[in-house]
Amino acid sequence: MRALTSRGRSFLASGLAALLMAVLLGENDLFRIGVLVTALPLLAAMVVARTRYRLSCARRLDPARAEVGGEATVTLRLENVTRLPTGLLLIEDTVPYALGVRPRFVLDRVEARGVREIDYRVRSDLRGRYTIGPLSVRIADPFGLVELARAFTISDTLVVTPQVVALPHVRLSGEWTGGGDSRTRSVAAAGDDDVAPREYRQGDDLRRVHWRSTARHGELMVRREEQQWQSRGALLLDTRRYAHRGDGPRSSFEVAVSAAASIGVHLSREGLGLRLVTDQGAEHLTDSGLSWSLLDTLSMVRSSSARSLEMGVSALRQGGGDGLIVAVVGALDPEEARELARLRHSGITGVAVLLDVDTWEGEAPGSAENLRAVETVLAGYGWRIVRLPAGVSIASVWPDAASRGRYSLTGGSA
């Protein structure tokens with residue numbers, strides 16, 4: 001009865017009134033009219049109620065991952081699985097506000113066993129995971145007496161990833177071993193000739209845990225099996241809120257996330273086994289589909305309230321085995337820069353992407369001197385410096401990563 005429209009309620013009330021008057025006045029013709037008017041909305045409700053449970057719906061996203069500012073096509077497939085045609089259908093899909101307004105469509109009639117496909121596009125300027133659905137369908141009878149709503153349970157997830165910029169090739173691997181064309185090789189596992197256990201590293205198979213050594217050392221130890229050599233690197237992303245400037249998609253934080261995504265995808269395509277670290281610690285990346293895992297993780301990265309890079313630096317130090325460290329950082333003071341710089345030593349290439357955050361809101365007094373001091377500290381430890389100001393693409397400054405840091409008594413050489 002709740003499905004009756006205003007017209008249906010009016011019909012029902014009129015029919016009941018006609019039946020009452022027919023009984024009081026003894027008018028048989030009026031009684032017949034009252035029965036007809038009363039039965040019409042009830043019969044319509046029965047027909048529509050039967051139809052509403054015999055619809056099936058499917059949704060397809062193309063692509064399932066879209067970059068910031070890119071579009072994705074959503075295809076709805078609605079099928080009438082009954083032997084009766086439907087009436088008027090009003091279709092509305094549930095879409096988060098960040099993807100646009102809710103799409104609505106009207107289908108006049110779907111024949112028995114008929115199928116309808118509807119397409120619409122969504123677009124977002126904000127990273128994240130967005131749930132699309134469930135789909136709601138309102139079914140009405142031809143007379144407009146009854147309208148029933150049904151919500152399907154299925155929903156799909158659209159992942160909006162950071163913008164990835166193609167980077168020019170920069171030779172970083174040649175210096176990982178101190179010279180030549182070879183890369184430092186990190187042993188993810190070793191063969192029968194080297195069965196000594198080693199400390200657990202992110203991505204190791206838990207089936208290779210050596211429990212006796214774990215109990216002796218007090219930390220997870222794994223067996224070295226099945227010799228597999230892979231170059232390893234680490235990517236540090238500074239997510240501290242106070243270290244960035246600006247708001248929205250063009251803030252220095254969003255530029256840092258995009259730069260980290262571009263660098264990570266570029267390095268993984270060159271065969272580098274990469275791990276992601278933020279100021280909150282290490283992030284988990286799956287071994288398979290490293291680029292997609294990195295982008296999925298970065299799509300959900302949010303700024304933190306941390307004031308220090310200590311946890312990130314500690315996570316980099318504990319992981320070990322890296323031949324390359326790339327740090328994408330916001331505002332630093334010289335002491336923070338010194339803690340970061342000490343991660344680089346002989347056999348490791350360090351690249352620091354320094355966001356000139358003050359160019360996002362106007363240069364503050366003394367900011368230029370502070371940035372030069374940070375660059376001096378990092379370069380003194382042999383880091384390669386890439387400065388990224390507002391309005392400049394990471395692709396245009398990435399070649400600076402090829403410039404070697406200078407020799408220093410405290411840091412060594414790149």
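Refer to the structure presented above.
Residues numbered from 1 in each chain as written. Predicted model: local features only at pLDDT ≥ 70, side-chain atom pairs only at ≥ 80, totals over all residues. Heavy atoms only, no water.

Draft legend 1. Up close: the packing of aromatic side chains. Following the criterion strictly, the structure yields one aromatic pair and no others. Between Phe-105 and Tyr-120, the aromatic rings sit 6.2 Å apart at their centres with planes inclined by 35°, giving tilted as the arrangement. Separated by 15 residues along the polypeptide, Phe-105 in strand 5 (residues 104-107) and Tyr-120 in strand 6 (residues 115-123) bring together distant segments of the chain. The ring of Tyr-242 is capped by Arg-307, whose NZ or CZ atom sits 4.0 Å from the centre of that ring. (Phe/Tyr/Trp six-rings, centres within 6.5 Å; stacked < 30°, edge-to-face > 60°. Helix = DSSP H or I, 4+ residues; strand = E, 2+ residues; numbered from the N terminus. Lys NZ or Arg CZ within 6 Å of the ring centre and 35° of its normal.)

Draft legend 2. Up close: the sheet that holds strand 18 (residues 324-329). Taken in spatial order, the six strands make up an open sheet running 17-16-15-18-19-20, and their pairing is mixed. Two strands in the sheet have a free side with no partner beyond their single neighbour: strand 17 (281-283) and strand 20 (384-388). Within this sheet the neighbouring strands show an average axis-to-axis angle of 20°, counted without direction. Where strand 15 (residues 232-237) meets strand 16 (residues 273-278), six bridges bridge the pair, whose relative direction is parallel. When the bridges of strand 16 are listed, Leu-237 appears paired with Thr-278. Along the sheet, helix 4 (residues 252-269) contacts strand 15, strand 16, strand 18, strand 19 (349-355) and strand 20; its crossing angle with strand 18, the most-contacted strand, is approximately 160°. (Pairing = 2+ DSSP bridges. Axes fitted to C-alpha atoms, helices over the stretch in contact; angles between N-to-C directions. Contact = heavy atoms within 4.5 Å.)

Draft legend 3. The side chain of Ser-258, seen in detail. One can find Ser-258 in helix 4. Among the residues examined, Ser-258 registers a relative accessible area of 13% and is labelled buried. (Buried < 20%, exposed > 50% of the residue type's maximum accessible area, 1.4 Å probe, protein only.)

Draft legend 4. Region of interest: the sheet that holds strand 10 (residues 156-161). With mixed pairing, three strands are arranged side by side in an open sheet as 2-10-7. Both edges of this open sheet fall to strand 2 (65-67) and strand 7 (128-132), since each of them pairs with a single strand only. This sheet shows a mean twist of 30° between the axes of neighbouring strands, independent of strand direction. Here strand 2 pairs with strand 10 via three bridges, running parallel. The partner of Glu-67 across the bridge, within strand 10, is Thr-161.

Draft legend 5. Structural context of the side chain of Thr-214. Relative to the elements of secondary structure, Thr-214 occurs in helix 3 (residues 211-217). In this structure the side chain of Thr-214 is engaged in a polar contact, spanning 3.0 Å, whose partner is the backbone nitrogen of Met-221. Beyond its immediate sequence surroundings of up to four residues, Thr-214 is in contact with Val-209, Glu-219, Leu-220 and Met-221. (Polar contact = N/O pair within 3.5 Å; in protein donor to acceptor, adjacent residues only side chain to side chain.)

Draft legend 6. A look at the pattern of salt bridges. Counted by the stated rule, this structure contains 18 salt bridges. Residue Arg-77 is joined to Glu-117 by a salt bridge in which the shortest nitrogen-to-oxygen separation is 3.9 Å. Here Arg-77, found in strand 3 (residues 71-80), pairs with Glu-117, found in strand 6; they are 40 residues apart in sequence, far enough to count as distant. Its salt-bridge partner being Glu-111, residue Arg-116 comes within 2.8 Å of it at the nearest N-O pair. For Glu-111, a relative accessible area of 31% translates into the label partly exposed. The structure contains a network of salt bridges with shared partners spanning Arg-59, Asp-93 and Asp-156. (Salt bridge = Lys/Arg side-chain N within 4 Å of Asp/Glu carboxyl O.)

Draft legend 7. Inspection of the pairing of strand 4 (residues 88-93) at higher detail. Inspection of the sheet shows strand 4 paired to strand 8 (residues 135-140) by six bridges, in the antiparallel sense. Among the inter-strand pairings, Ile-91 is bridged to a residue of strand 8, identified as Val-137.

Draft legend 8. Layout of the nonpolar core. Of all hydrophobic cores here, the largest spans 37 residues; its most connected members are Ile-263, Leu-298, Val-328, Val-353 and Trp-398. Looking at this core element by element, the count peaks at nine residues for helix 4. Sequence-distant contacts of Trp-398, defined by excluding residues within four places in its chain, comprise Leu-167, Pro-168, Val-170, Leu-172, Ile-263, His-266, Val-351, Val-353 and Val-386. Leu-61, Ala-72, Val-95 and Val-122 belong to the second largest nonpolar core, which has 33 residues in total. (Core = buried A, V, L, I, M, F, W, Y, C linked by side-chain atoms within 4.5 Å.)

Draft legend 9. Seen up close, helix 8 (residues 367-380). Given a rise of 1.5 Å per residue, 14 residues ought to cover 20 Å, and the 20 Å separating the end C-alpha atoms of helix 8 matches this to within 8%. Looking at helix 8, one finds that the buried residues are Ser-367, Leu-371, Val-374, Glu-375, Val-377, Leu-378, Ala-379 and Gly-380. Looking at the packing, one finds that the buried side of helix 8 touches helix 7 (334-341), strand 19 and strand 20. Immediately downstream of helix 8, the backbone of Gly-382 shows phi near 90°, a positive value. (Expected span 1.5 Å × (residues − 1).)

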